[in-house]
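Letter by letter, the chains look like this.
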Amino acid sequence: MKKVLLALLCCLASAGAPARAEMVIANVFARPSTSLNGQWHVIVDPYDTGYFDYRHHPYDEAAKISGGFALDHQPADKSELVEYNFDTSPTLAVPGDWNSQDDKLFYYEGSVWYRTKFDVKTTAPGHRRFVYFGAANYAADVYLNGKKLGRHLGGFTPFAYEITGLTSPKGNSLVVRVNNVRHAEGVPTVNTDWWNYGGLTRDVLLVDEPATFIANFLVRLKPGTTNTIEARVQLDGPEREETVKVSFPSLHLAAEIAANREGLAQAEISAPNLALWSPERPVLHDVEISAGADNLKDRIGLRTIATSGRDILLNGRKVFLRGVAIHEVNPQRGGRAWSEDDARQLLGWAKDLGCNFVRLAHYPHNEHMARLADEMGILCWEEVPVYWTIEWSNAETLANAQKQLADLIARDQNRASVMVWSVANETPVSEPRTKFLKSLVDEARALDGTRLISAAMEVRTDPNDPLHKMVDDPFGEYTDLCSFNEYTGWYDGLPEKIDRIHWSIKYDKPVFISEFGASAKQGFHADALTRFSEEFQADVYRRTLPMLAKIPGFSGCTPWILCDFRSPKRLLPGVQDGWNIKGLISREGKKKMAFEVLKGFYAEKSKP
Ligand code: GCU
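The next thing to look at is the overall build of the protein. Tallying secondary structure elements over the protein gives eight helices and 35 strands in all. Relative to a compact globule of 608 residues, whose C-alpha radius of gyration would be 25 Å, the protein shows 25 Å and is just as compact. Along the first, second and third principal axes, the C-alpha atoms of the protein reach 75 × 60 × 45 Å. Across the 608 residues in the protein, those meeting the buried criterion constitute 61%. Of the roughly 23200 Å² of accessible surface on the protein, 52% is carried by carbon and sulfur atoms. Taken together, the 70 basic and 78 acidic charged side chains of the protein have centroids lying 3 Å from each other.

Here the amide bond leading from Val94 into Pro95 is cis, since omega sits at 0°, within 30 degrees of zero. Relative to the assigned elements, Pro95 resides in the loop between strand E3 (91-94) and strand E4 (111-118). The amide bond that connects Ala361 to the next residue, His362, takes the cis arrangement and shows omega of -20°.

Our focus in this paragraph is the sheet that holds strand E28 (residues 460-461). The mixed open sheet is built from three strands, whose spatial order is E28-E29-E31. In this open sheet, the two edge strands, each paired with only one partner strand, are E28 and strand E31 (502-505). With four bridges connecting them, strand E29 (residues 468-471) and E31 associate as parallel partners. Bridge pairing in E31 places Met470 opposite Ser504.

With that settled, consider the sheet that holds strand E24 (residues 357-360). With parallel pairing, the eight strands of this open sheet are ordered in space as E27-E26-E25-E24-E21-E33-E32-E30. Of all strands in the sheet, those with a lone pairing partner are strand E27 (452-456) and strand E30 (482-485), marking the two edges. Along the sheet, successive strands turn relative to each other by an average axial angle of 25°, direction set aside.

With that out of the way, let us pick up the pairing of strand E16 (residues 285-291). In E16, alternate side chains face the same way, and those of His285, Val287, Ile289 and Ala291 are buried while those of Asp286, Glu288 and Ser290 on the opposite face are not. With seven bridges joining them, E16 and strand E17 (residues 294-300) adopt antiparallel strand pairing. For His285, the partnering residue across the bridge sits in E17 and is Ile300. Two successive antiparallel strands, E16 and E17, enclose a turn made up of two residues, where Gly292 displays a positive phi of approximately 55°.

For Thr157, the position within the fold is in the loop between strand E7 (147-153) and strand E8 (159-162). According to the relative accessible area criterion, Thr157 is buried, its value standing at 0%. Leaving out residues up to four positions away in the same chain, Thr157 has contacts with Gly134, Ala135, His152, Arg202, Pro364, Gln404, Asp407 and Leu408.

Turning our eyes to something else, we now look at the nonpolar core. Among the nonpolar cores identified, the biggest contains 97 residues, and Val324, Ile326, Leu347, Val358, Val386, Val423 and Phe484 are the most heavily contacted of them. When residues in this core are grouped by element, the largest group, seven residues, is from helix H7 (residues 534-549). Setting aside residues up to four positions removed in sequence, Val324 forms contacts with Ala350, Leu353, Cys355, Phe357, Val358, Arg359, Cys557, Thr558, Pro559, Ile561, Leu562 and Leu584. Counting 29 residues, the second-largest nonpolar core is a separate cluster that includes Tyr108, Val112, Ala136 and Tyr161.

Here we come to the pairing of strand E12 (residues 228-236). Counting buried positions along E12 yields eight of nine residues, so the element is predominantly enclosed. Where strand E11 (residues 213-221) lies against E12, eight bridges are found, and the strand directions are antiparallel. If you follow Asn216 over to E12, its bridge partner there is Gln234. Connecting the antiparallel pair E11 and E12 is a turn made up of six residues, with Gly224 showing a positive phi of about 90°.

Criteria and thresholds
- Residues numbered from 1 in each chain as written.
- Predicted model: local features only at pLDDT ≥ 70, side-chain atom pairs only at ≥ 80, totals over all residues.
- Heavy atoms only, no water.
- Helix = DSSP H or I, 4+ residues; strand = E, 2+ residues; numbered from the N terminus.
- Rg over C-alpha atoms; globule rule 2.2 N^0.38 Å.
- Buried < 20%, exposed > 50% of the residue type's maximum accessible area, 1.4 Å probe, protein only.
- Areas by Shrake-Rupley, 256 points an atom, 1.4 Å probe, with all protein chains shown as cover.
- Lys, Arg positive; Asp, Glu negative; His and termini not counted.
- Charge placed at Lys NZ, Arg CZ, Asp CG, Glu CD.
- Pairing = 2+ DSSP bridges.
- Axes fitted to C-alpha atoms, helices over the stretch in contact; angles between N-to-C directions.
- Contact = heavy atoms within 4.5 Å.
- Core = buried A, V, L, I, M, F, W, Y, C linked by side-chain atoms within 4.5 Å.

If you want it as structure tokens, here you go:
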């Protein structure tokens, strides 16, 4: 945990004025906070006029910001020249992407300046205040009352800054420059099969904490046991050597431990006859952590995950993963999902399919997903957007990917539902690539050795035999699952080919199919050889599932994909119109024929 915090502190003072340290504030929804969600005034700034002067120097290069929109300045009198005004500018909803809120911003990639004003109540002396963002895509420069707080890179991970002593009772100006321009060296890079939604896409909160508070904690089963709870609590503040109490009221268990000089407290609590979490019985235990004036509650499931040979073991028992892949979208809104209701819709559909597992592709989804999956009994695969062709030899790109992974683990490490950390999707085999991914695996194992590590690898076809599919990606050496995407019948041949292919898989590991599928326009019916018909898609499912079931070690799959989603790469008029239509559910929420095919297969699979 300490390593997570340190990793985060180190890579921040990169751009502009000296930034404050970016903080991890986990379990934010259980903390005393004030929501800043709502309508924020925005300035759409394609030329970054608010950020650079006419010589293209950033205004926030120096400690004292020399100009630009960050200052949120109003003319002092009728003669002062100020060529922007947040108060009279349009507004956008936060949380929310800008693309689905305003047709003029549908394709927009560039900077949008967000500004909100807030008052604060006086807090007890010594109390601290933070501003927390659930996510902002892609780069966010954050300013408060004309001072730079920091810059965050990565569109899908939370970040926070301390603002203690920086606020006044009334009219505080919080300004965020959000820029979603794609970069070759970015994570993800310039090419993705999903819409590049920009904006403050998740909750923004003011968080109040005592001088010394619980920054993060980890509660899990001690590795290798089912009757010992391990707790680690990281304090932040002047009184680090506080006594920390960890208690489970419903289990009548508790422990008191003194934190060390670094504010880290660790304990093991004997817990005989613990009810373990599983999709069938998603038991969550109330946990309460207190230290000094701080007190934090959460609900946590305890379970073990492991592999043995070609089996995946949940609580020591073999489990088959009946899954589906999900993008973080609300199809009806045609925009980013962010709320608990959005999560409930997506996971509700997965439950309806008979799933006990979901792949949250291709980037960290909002925190509601894993929390709701804990409650609903759905295991999760979480992933960082190392997608297709990343700059493998670029050290900053690696640091960026490592940080996104560390941020994700710091946020979701207490979620029983989360069983896989995935470090990549469909990345072309090369030495620099495998080295890059290996260091992400090492990072994940160092931060959390209790979950499976994987990635969606690619299949190659034997040049001498088009029916011979081979899985021998060298990266498979380092993962716990042998997981790959397979699109025979759609990108390779027609559905009948699925019946004839045969496999050689290099690794003696559980085999997991992280994607398969076909496109279908909901409501378009024709014979099963007509592309984009529901019949074609259903036929791919009908043939693929039994084919996969014959692969030794086949331990589960997440067909691509639960519902249709916007993609700038899908341009067939009258059929795709900017949507990837491989969903089992359409943008209107209507089920396609293949939905029932998969549901039937899972009903069979879930029989004892
Ligand atoms: C790929 C990729 C997905 C993409 C899908 C498709 O495998 O991982 O992001 O959307 O295939 O082609 O539909």
